[in-house]
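Here are the chains, one letter per residue:
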Amino acid sequence: MLSRKILLAGQGAGGGGGGGGGGTGQYYGYTSTATATNGPAGPGLVNTWYRRELIAFVYTSSELSTLGLSANDVITKLRWNVTQIPLSNRMPFPNYAIRMSHISSATNTSNPSGASTGANRTTVKNQHNYNAYTPGTGLHEMTLDNSFTWNGSDGIGFVFAWGQCPTGYDQKGQQTVLTTGNTYYKWSDQPGTYTVDESTTSTISNKRPAIDLFAT
């Protein structure tokens, strides 16, 4: 696997998600190479087939190293490539939040969900309203509320969770995915909010969200 050093500081990001850069650091990740998608009725970071979701997956230590990340790199932003936006009347995703954690001896099929799974469990993005329609297709970037420092040896587990989106479900909302490993998910049309500390064992194989990590 080749290194995926995506952007140097100060370079702009294409697509609707806005810029990468500013200050020191750069993006490392898969958005420039991944072409498969989660499908309009599959679990995804912007999908509204079900009105609320929890999604969990891991990037292994070897994957992170191959991307170019190093021990003690501080991750301050995440982004993903949206290829199909949800309908505007399904927005925003309420209480959208992200957790990251260290997963020892992680494989690309490890499940990082659960309140006690992993180490250095950090809610890197607090619950907020995420309008995935307004930016349009392309790169959607989130600046984290709390940074995450990679220890250089463990995998990183990601958990995304949000509450019931407005109006009703719709078979729309896609982002690019890796065609390896597992994504663990939970979804429902019922009122309420999933949190990043909840667990799930439902699995979709050979699909993980393709994301970039901005590290300094």
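Structure: above.
Quick notes on the rules
- Residues numbered from 1 in each chain as written.
- Predicted model: local features only at pLDDT ≥ 70, side-chain atom pairs only at ≥ 80, totals over all residues.
- Heavy atoms only, no water.
- Helix = DSSP H or I, 4+ residues; strand = E, 2+ residues; numbered from the N terminus.
- Buried < 20%, exposed > 50% of the residue type's maximum accessible area, 1.4 Å probe, protein only.
- Areas by Shrake-Rupley, 256 points an atom, 1.4 Å probe, with all protein chains shown as cover.
- Pairing = 2+ DSSP bridges.
- Salt bridge = Lys/Arg side-chain N within 4 Å of Asp/Glu carboxyl O.
- Contact = heavy atoms within 4.5 Å.
- Phe/Tyr/Trp six-rings, centres within 6.5 Å; stacked < 30°, edge-to-face > 60°.
- Lys NZ or Arg CZ within 6 Å of the ring centre and 35° of its normal.

Caption draft 1: Main features of the overall build of the protein. Within the protein, the secondary structure is distributed over 1 helix and 14 strands. In the protein, buried positions account for 52% of the 216 residues. About 8200 Å² of surface is accessible on the protein, with carbon and sulfur atoms providing 45% of the total.

Caption draft 2: Spatial organisation of the pairing of strand 9 (residues 155–161). Counting buried residues in strand 9 gives 7 out of 7 residues, a clear majority hidden from the surface. Of the two faces of strand 9, both are covered, the one formed by Gly 155, Gly 157, Val 159 and Ala 161 as well as the one formed by Ile 156, Phe 158 and Phe 160. Here strand 4 (residues 52–59) pairs with strand 9 via 6 bridges, running antiparallel. Within strand 9, the position partnered with Ala 56 by the bridge is Val 159. Where strand 6 (residues 93–103) and strand 9 come together, 7 bridges link them in antiparallel fashion. The residue bridging Ile 98 from the neighbouring strand is Phe 160, located in strand 9.

Caption draft 3: Highlighting the pattern of salt bridges. Scanning all chains against the criterion turns up 5 salt bridges. A salt bridge links Lys 125 to Asp 145; the nearest nitrogen and oxygen atoms lie 3.8 Å apart. Taken together, the residues span a long stretch of sequence, with Lys 125 in strand 7 (residues 119–130) and Asp 145 in strand 8 (residues 138–149) at a distance of 20 residues. Overall, Lys 125 belongs to the buried group, its relative accessible area being 12%.

Caption draft 4: Region of interest: the environment of Ser 188. Within the secondary structure, Ser 188 sits in strand 11 (residues 182–188). We classify Ser 188 as buried; its relative accessible area is 11%. For the pair formed by Ser 188 and Tyr 169, sequence separation is 19 residues and the distance between their alpha carbons is 9.7 Å. Setting aside its immediate chain neighbours within four residues, Ser 188 contacts Tyr 50, Arg 51, Arg 52 and Tyr 194.

Caption draft 5: Region of the structure containing the packing of aromatic side chains. As enumerated under the stated definition, the model contains 18 aromatic pairs in all. Between the aromatic rings of Tyr 30 and Tyr 59, the centroid separation amounts to 5.5 Å while the plane-to-plane angle is 85°, which identifies the pairing as edge-to-face. Of this pair, Tyr 30 sits in the loop between strand 2 (26–29) and strand 3 (36–37) while Tyr 59 sits in strand 4, placing them 29 residues apart in sequence. By relative accessible area, which is 4% here, Tyr 30 ends up buried. A ring pair is formed by Phe 57 and Tyr 59, whose centres lie 5.9 Å apart and whose planes are at 55°; its orientation type is tilted. We classify Phe 57 as buried; its relative accessible area is 0%. An aromatic cluster is defined as three or more aromatic residues linked by ring pairs; in this entry it consists of Tyr 30, Phe 57, Tyr 59, Trp 80, Phe 93, Tyr 96, Tyr 130, Phe 158, Phe 160 and Trp 162. Across the ring face of Tyr 194, the terminal group of Arg 52 is positioned such that the distance to the ring centre comes to 4.3 Å.

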